[in-house]
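Take a look at the letters that make up each chain.
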Amino acid sequence: MKKLLLPFLLLLVNCIHANVLTRNPFFCGDQDSITITFDATQGNGALNNFTGPVYAHTGVITNLSTSNSNWRYVKSAWGVANAAVLMTALGNNKYSIRFHVRDYYGVPANETILKIAILFRNATGTIVGRNADGSDMFIPIYDNSLPQCEITFPASDPGTPLLNTTLGQTINLAGAANGSYALNVWVNGINIASANDDTITTTHTTTLLGVNTIILQANNGIQNTADTVTFLVNPPINFSPLPNNTSLGINYINDSTVVLALYAPQKNFVYAIGSFNGYTPNSNYYMNLSPDSTTWWLTITGLIPGQEYTFQYLVDGTIKVGDPYSEKILDPSNDNFINAATYPNPTPYPSGLTTGIVSVFQTAQTPYTWTINNFVKPAKTDLVIYELLVRDFTAAHNYQTLIDTLHYLKAMGINAIELMPFNEFEGNESWGYNPSYMMAIDKYYGTKSKLKQFIDACHQEGIAVIQDIVFNHQCGQSPFAMLYFNNSTGKPAPNNPWMNVDARHDFNVCYDINHEAAPVKYWVTKVLKHYIQEYKVDGFRFDLSKGFTQKNTLGNVGAWGQYDTARITTLKNYADSIWLYDPTNYVILEHFANNNEEEELSNYGCMLWGNGNYDFRAAHKANGTGNFNNAISYKSRTWNNPHLIGYAESHDEERLMFETLTTGSQNANYSTRDTATALNRMGMMAAFLYTVPGPKMLWMGTELGYDVSINNPCRTCNKPYRWNYFFNLQRQLLFNIQKAILDLRISHPAFESNNFVINAANPIKAVRITDPSMNVNVMGNCGIVAASTNPVFQNTGWWYDYLTGDSILVSNATASVTLAPGEYHIYTSIKLPMPNLTVGLEDLSNADLVALLTAFPTPASHEMSIQFDLYKNAETRIDIFNIHGKQISHVDLGLLTAGTHNYLWQIDESLPNGIYLCAVTSGSHVRKIKLLVSR
């Protein structure tokens, strides 16, 4: 060995090749003990300056692994503080672990270990150290009976920057072997150095633009092995203005041409890599730079019309990101868990060619043909918004199932649906508040065409669609974070054009957006325009809009809500940009700032969330005053316009039914914890909430008394909609009562009156509406004992109970009225048709033949057992109808004897999800039951 070269080689091996990881021995076999050292300042830097214990998450890739993601013999479950994977802290953000390879993992002798797969985490797994590009880390395991070699400089680890140079630059090259062999270094097919040793170093002066290939060969006279690394030689930057009529993102020029444009100031160079060049950077795809040195762009021609192309931006040879304005991305970690029914014929990920998120573009796309082109949105004062999470509302979690379920939503009496975030977010199982690509539709819910079909179907039913959208922050997969990120601090870099290094308020998650930066204003406006024009979205609910501030209030939540002129200007500008493209679009803010700021935004035309959850919970369980006046009445806030969206439950709040059933008030004669009582009180809450003039919102499941805690099993965990509730008569009654109240408020102008009063400070609460068309007096006892109140009827004479059809003669408008606990009434001064509150799954009058009728499982996806008892022998048949009364199945069972019978319904795969009606006819008698199909 040439001893002079050893210090240089060790420097290269430890400081350059390993980068995030150092291993000893370097050429480790499966029967060796290995020491792995992790440098937390490198890679993604997530564990840099972490003060707690660090654990390895590790397994192996063997000859039986199907891919690099198919780890085998994993040592410990994720999020478990297992001593077997505890790292030894070395100081200076370095950690090590030592073990015997085959013994540690317990790999059988007949299975070949190819690589150690490893990540690093805190005890719970919420902070994870990875490669800089977010990929997993691997350490090769060698068969040291054969010659082995590696190029140690330039480095080739995933996430390690490609060495990039210019023409005529001289670079150092180095390699190592597991023994003294004949070593040869080749660059672009030319042998430039040879040695008989276990190390080799040389230099090379670059002469070829684009990707250059280094090959190190080791030969022991019998066997020959090789290692390959590539590096870049960049041409000079071409400064040129963007072509006319192009903007940031993907610009479709014609059916065979696109222009890609990426805003990335202070970067040194950018390549477009993709399916059009095998993800190999070359000078033909070296991007131009605008004269102001902010925007990189490239025209790609010769594309096949209608063909999908995948691509990324390779920035400074280090960072690979998708286009921030992509309408479709591919996620190698999550897309394979999306079923074909939800997203058929997915675009394959370019496995083996790249890592990380890739974007997709496609020229000559077939446009969607809209059925409704001039949808007239419900008036703001009439809005009844149903907030839902696609993931939980139906088991299939897709837009097609929502389309199939629209009849249910329409029947409820709502006229708007607010979808929780459906743009691309990290992972699949999510509420969606961890966004990454704002213009791409998350494939877990379906295709862009299906989303358009859903919105179109809603418009056909008179239902507006509101998009919950997150601009307060972006998460780690966002190209905005990846392009300018400080791995050593785990924060956005100070020169990030979109993000603050540190959040400006205490409620921030992920990475805080600077809404006073010009690139952010451009981005937000472009995204909003896209959803209005491409998807005909009727409104936006801005998540955490109070966070759109540059005023630093960390540690002082109260100061965060104080009047902020700059924040108001930002939100008004966003509203203006929306109304430029759709003057009737709803702008809804989750704001919760001081009243003077909210009032100014309301006067400007924005609507704001009014959170009544705390007080409605108190009223529902008869604990505390439950004074919901300020939460749901714009007049109580001295606003001029009815722009307060009052609600009792949202995705973010504890469920009324759960809290009442577990902690509700009770006495010897009355308990709010009784399910029937609590459901009755839900009807009373609906009477108070929905009769108050102004827009309203309800959270999915409220209509049936959903009673699973928001924290069961965790806050954002799956909480499937309980369709079986619909088979409970008391819950059906609640549904019908709520529908009746919503129908009432939509049908009568009195509920748009500005002449109303709410008295909600006492257990007996009241809402009085005075209007030329009709007076309304709502009263209810939220206590647990009988109590009297003075309802102050607006006039004497007959008053009519809307829900029961009863009437009372009021001779003294201020006479006292006594209400039992939980008793409530909606009195109107004119007689209205009584709503149909009839409930029941079957015709009980025909029980002389069919004694019992049940079905299970419900909901069902493929087959359902329908069981019934007959009192007498009878000719019997079974008919199944859809919700519109169309017969979809008919079976003659013939003459059946008295007793129990079972019919197995094989559900046609083409049958849409939804509610169906089964009728069992015996002789001349019919008994019915509702069935639920959900896949």
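Position numbers for residues start from 1 in each chain and track the written sequence from start to end. Given that the model is predicted, a residue must reach a pLDDT of at least 70 before its local features are reported, and side-chain atom pairs must reach 80 or more before they are shown or counted; all residues, however, enter totals for whole chains, interfaces and linings. Heavy atoms throughout the structure, all of them, feed into the side-chain values; hydrogens and water do not.

(A) Molecular detail of the state of the cysteines. Pairs of cysteine sulfur atoms within 2.5 Å are what we label disulfides. All told, the structure shown has two disulfides when counted by the stated rule. Linked covalently through their sulfurs, Cys475 and Cys510 form a disulfide whose S-S length is 2.0 Å. With the S-S bond torsion at 75°, the cross-link from Cys475 to Cys510 turns out right-handed. Taken as a pair, Cys475 in the loop between strand S29 (473-474) and helix H7 (479-483) and Cys510 in the loop between strand S31 (491-492) and strand S32 (511-512) lie far apart in primary sequence, 35 residues in all. Classification of Cys475 by relative accessible area gives buried; the value is 2%. Here Cys714 engages in a disulfide with Cys717; their sulfurs sit 1.9 Å apart. Across the disulfide from Cys714 to Cys717, rotation about the S-S bond amounts to roughly 105°, and the bridge is consequently right-handed. Its relative accessible area of 23% is what places Cys717 among the partly exposed residues. Elements are defined by DSSP. Helices are runs of H or I of four residues or more, strands are runs of E of two residues or more, and each kind is numbered from the N terminus. Throughout, exposure labels follow a simple rule: accessible area from a 1.4 Å probe, protein chains only, divided by the maximum for the residue type, with under 20% read as buried, over 50% as exposed, and the rest as partly exposed.

(B) Quick peek at the sheet that holds strand S18 (residues 288-289). At least two DSSP bridges between two strands are needed for those strands to be called paired. Pairing in this open sheet of four strands is antiparallel, and the strands run S15-S16-S19-S18 from one edge to the other. Both edges of this open sheet fall to strand S15 (249-254) and S18, since each of them pairs with a single strand only. Alignment of S15 against strand S16 (residues 257-263), held across five bridges, turns out to be antiparallel. Its bridge partner lying in S16, Tyr252 is registered against Val258.

(C) A look at helix H6 (residues 448-460). Here H6 contains 13 residues, and its C-alpha end-to-end distance of 18 Å stays within 8% of the 18 Å for a straight helix at 1.5 Å per residue. Within the span of H6, buried status applies to Leu451, Lys452, Phe454, Ile455, Asp456, Ala457, Cys458 and His459. Contact between two residues is taken to exist if any of their heavy atoms lie within 4.5 Å; hydrogens are not considered. Close packing links the buried residues of H6 with helix H4 (399-404), helix H5 (406-412), strand S25 (416-419), strand S27 (435-441), strand S28 (464-470) and helix H8 (518-535). At the C-terminal side of H6, Gly462 shows a positive phi close to 80°. What a helix is expected to span follows from its residue count: subtract one and scale by 1.5 Å.

(D) Focus on helix H14 (residues 656-663). Within the sequence span of H14, burial applies to Leu656, Met657, Glu659 and Thr660. As for H14, its buried residues are in contact with helix H12 (613-620) and helix H15 (675-691).

(E) Fine view of the sheet that holds strand S49 (residues 887-896). Reading across the sheet, the four strands line up as S49-S48-S51-S52 and stay open at both edges, with antiparallel pairing between neighbours. Either end of the sheet is taken by a strand with one partner, and the two such strands are S49 and strand S52 (925-933). Across the sheet, the axes of successive neighbouring strands diverge by a mean angle of 15°, strand direction being ignored. With nine bridges joining them, strand S51 (residues 914-922) and S52 adopt antiparallel strand pairing. Directly across from Val920, in S52, lies its bridge partner Arg927. Each axis is a line fitted through C-alpha atoms, and for a helix only the stretch in contact is used; angles between axes span 0 to 180 degrees, taken between their N-to-C directions.

(F) Up close: unusual backbone geometry. Note the cis peptide between Asn24 and Pro25, where omega equals 5°. By the element assignment, Pro25 lies in the loop between strand S1 (21-24) and strand S2 (33-39). The step from Asn712 to Pro713 runs through a cis peptide bond, and the omega angle for that step is -5°. Relative to the helices and strands, Pro713 is located in the loop between strand S37 (696-699) and helix H16 (729-747). Of note in this structure, Ser293 is not a glycine but carries a positive phi near 60°. As for its placement among the helices and strands, Ser293 is situated in the loop between S18 and strand S19 (295-300).

(G) Inspection of the packing of H8 against helix H10 (residues 565-581) at higher detail. Where H8 contacts H10, the axes come no closer than 10 Å and their chain directions differ by 30°. What the angle tells us is that H8 and H10 run roughly parallel. Considering how the two elements wind past one another, H8 and H10 form a crossing that is right-handed. Residues Val520, Lys521, Val524, Thr525, Leu528, Lys529, Ile532 and Gln533 of H8 lie in contact with H10, whose contacting residues are Tyr574, Ser577, Ile578 and Tyr581. Partitioned by chemical class, the residues of the contact of H8 with H10 number seven nonpolar, three polar and two charged. The cut-offs work like this: below 35 degrees is roughly parallel, past 145 is roughly antiparallel, 65 to 115 is roughly perpendicular, and the gaps in between are oblique. Two helices cross in a left-handed way if the nearer one is turned anticlockwise from the farther one by less than a right angle. They cross in a right-handed way if the turn is clockwise. Amino acids are sorted into nonpolar (Ala, Val, Leu, Ile, Met, Phe, Trp, Tyr, Cys and Pro), charged (Asp, Glu, Lys and Arg) and polar (every other residue, Gly among them).

(H) Layout of the packing of aromatic side chains. Pairing of aromatic side chains requires ring centres within 6.5 Å, counting the rings of Phe and Tyr and the six-membered ring of Trp. Pairs whose planes differ by under 30 degrees are stacked, by over 60 edge-to-face, and all others tilted. Under the defined criterion, the tally for this structure stands at 50 aromatic pairs. Between Phe425 and Tyr445, the aromatic rings sit 6.0 Å apart at their centres with planes inclined by 55°, giving tilted as the arrangement. Here Tyr445 lies in the loop between S27 and H6 and Phe425 lies in strand S26 (residues 423-425), a separation of 20 residues in the sequence. For Tyr445, a relative accessible area of 0% gives the class buried. Ring geometry for Trp905 against Tyr916: centres 6.4 Å apart, planes inclined by 65°, an arrangement best described as edge-to-face. Taken together, the positions of Trp905 in strand S50 (residues 899-906) and Tyr916 in strand S51 put the pair 11 residues apart, joining distant regions of the chain. An aromatic cluster is present here, built from Tyr263, Phe471, Phe480, Tyr484, Trp498, Trp523, Phe542, Phe548 and Tyr574 joined pairwise through their rings. Over the ring of Phe138 we find Lys115, and its NZ or CZ is 5.1 Å from the ring centre. In this structure, Lys526 is placed above the aromatic ring of Tyr325, and the distance from its NZ or CZ to the ring centre is 5.5 Å. Charges are assigned to positions over rings by a cutoff of 6 Å between ring centre and Lys NZ or Arg CZ, combined with an angular limit of 35 degrees from the ring normal.

(I) Seen up close, the pattern of salt bridges. Salt bridge, as used here: a side-chain nitrogen of Lys or Arg that lies within 4 Å of a carboxyl oxygen of Asp or Glu. Taken as a whole and assessed by the stated rule, the structure comprises 28 salt bridges. The salt bridge involving Arg130 is made with Asp136; its shortest N-O contact spans 3.1 Å. Judged by its relative accessible area of 25%, Arg130 falls in the partly exposed class. By relative accessible area, which is 22% here, Asp136 ends up partly exposed.

(J) Region of interest: the side chain of Ser326. Structurally, the position occupied by Ser326 is in the loop between strand S21 (319-321) and strand S22 (329-330). Among the residues examined, Ser326 registers a relative accessible area of 0% and is labelled buried. Polar contacts involving the side chain of Ser326 include one to the main-chain carbonyl oxygen of Asp323, which spans 2.6 Å. Here Ser326 is in contact with Ile250, Ser359, Met439 and Ala440, once residues within four sequence places are set aside. Any pair of N or O atoms that falls within 3.5 Å is considered a polar contact. Within protein, one atom must be able to donate a hydrogen and the other to accept it, and sequence-neighbouring residues count only if both atoms are side-chain atoms.

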